[in-house]
Amino acid sequence: MTDGYYTLADRAVDPKKHNTAANQFFVRDIDAVIARLKRGGVSVRMRGDITGQENLLSAGTIEIEEEPVAASGVAEDDDPFAAFTEWSSAADDAAYKDL
């Protein structure tokens, strides 16, 4: 990201020189970046974790992981602590019934 923007390069502008500044554009919204990558034809500039080097990665080499969708009515959607069974015992219910 550059100043809060993702840097993308469009191969349609010049397929041979897609890494030049003239072929690059900036997008702030990650959902727009993902949509554009899914359409293909672009690269996105990313920095390597180990070397810190920036490279343009083509859309085909990027794996987009979707966040799992929880079933509706799952308690964790409303209360992140609901999964802790020790917090929902009969002893707790009795101790806090007058609050």
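Quantities reported herein were computed from a predicted structural model and do not represent experimental measurements.

> An account of the pattern of salt bridges is requested, with residue identities and associated values reported.
Enumeration according to the criterion identifies three salt bridges in this entry. Two residues, Lys38 and Glu66, come together in a salt bridge whose shortest N-O distance is 3.0 Å. In this pair, Lys38 sits in helix 1 (residues 30-39) while Glu66 sits in the loop between strand 4 (54-58) and helix 2 (75-78), placing the two residues 28 residues apart along the sequence. Comparing Lys38 with Glu66 shows no difference in burial state: the two are exposed.

> Let's hear about the pairing of strand 4: which residues, and what values?
Across five bridges, the pairing between strand 3 (residues 42-47) and strand 4 is antiparallel. The partner of Ser43 across the bridge, within strand 4, is Ser58. Between strand 3 and strand 4, which pair antiparallel one after the other, the connecting turn spans six residues, and Gly52 there sits at a positive phi close to 80°.

> Can you tell me about the side chain of Asp10, naming the residues and giving the values?
Mapped onto the elements, Asp10 comes out in strand 1 (residues 6-10). Accessibility expressed as a relative area gives 16% for Asp10, which makes it buried. A polar atom in the side chain of Asp10 sits 3.4 Å from the side chain of Arg36.

> Can you break down the sheet that holds strand 2 (residues 24-27) residue by residue, with the values?
Pairing within the open sheet is antiparallel, and its four strands lie in the order 2-1-3-4. Taken across any chain shown, the strands that pair with only one partner, and hence form the sheet edges, are strand 2 and strand 4. Each strand of the sheet is rotated relative to its neighbour by a mean of 35°, with strand direction disregarded. Across the sheet, helix 1 lies against strand 1, strand 2 and strand 3, angled at about 25° from strand 1, the strand it touches most.

> If you had to explain the nonpolar core to someone new, which residues and values would you point to?
Judged by nonpolar contacts, Leu8, Val27, Val33, Leu37, Val42, Val44 and Ala59 together constitute the single largest core of seven residues. Going through the elements one at a time, helix 1 and strand 3 are the ones with two or more residues in this core. With residues near it in sequence (within four places) discarded, Leu8 still touches Asn23, Gln24, Phe25, Val27, Val33, Arg36, Val42, Ser43 and Val44.

Thresholds applied
- Residues numbered from 1 in each chain as written.
- Predicted model: local features only at pLDDT ≥ 70, side-chain atom pairs only at ≥ 80, totals over all residues.
- Heavy atoms only, no water.
- Salt bridge = Lys/Arg side-chain N within 4 Å of Asp/Glu carboxyl O.
- Helix = DSSP H or I, 4+ residues; strand = E, 2+ residues; numbered from the N terminus.
- Buried < 20%, exposed > 50% of the residue type's maximum accessible area, 1.4 Å probe, protein only.
- Pairing = 2+ DSSP bridges.
- Polar contact = N/O pair within 3.5 Å; in protein donor to acceptor, adjacent residues only side chain to side chain.
- Axes fitted to C-alpha atoms, helices over the stretch in contact; angles between N-to-C directions.
- Contact = heavy atoms within 4.5 Å.
- Core = buried A, V, L, I, M, F, W, Y, C linked by side-chain atoms within 4.5 Å.

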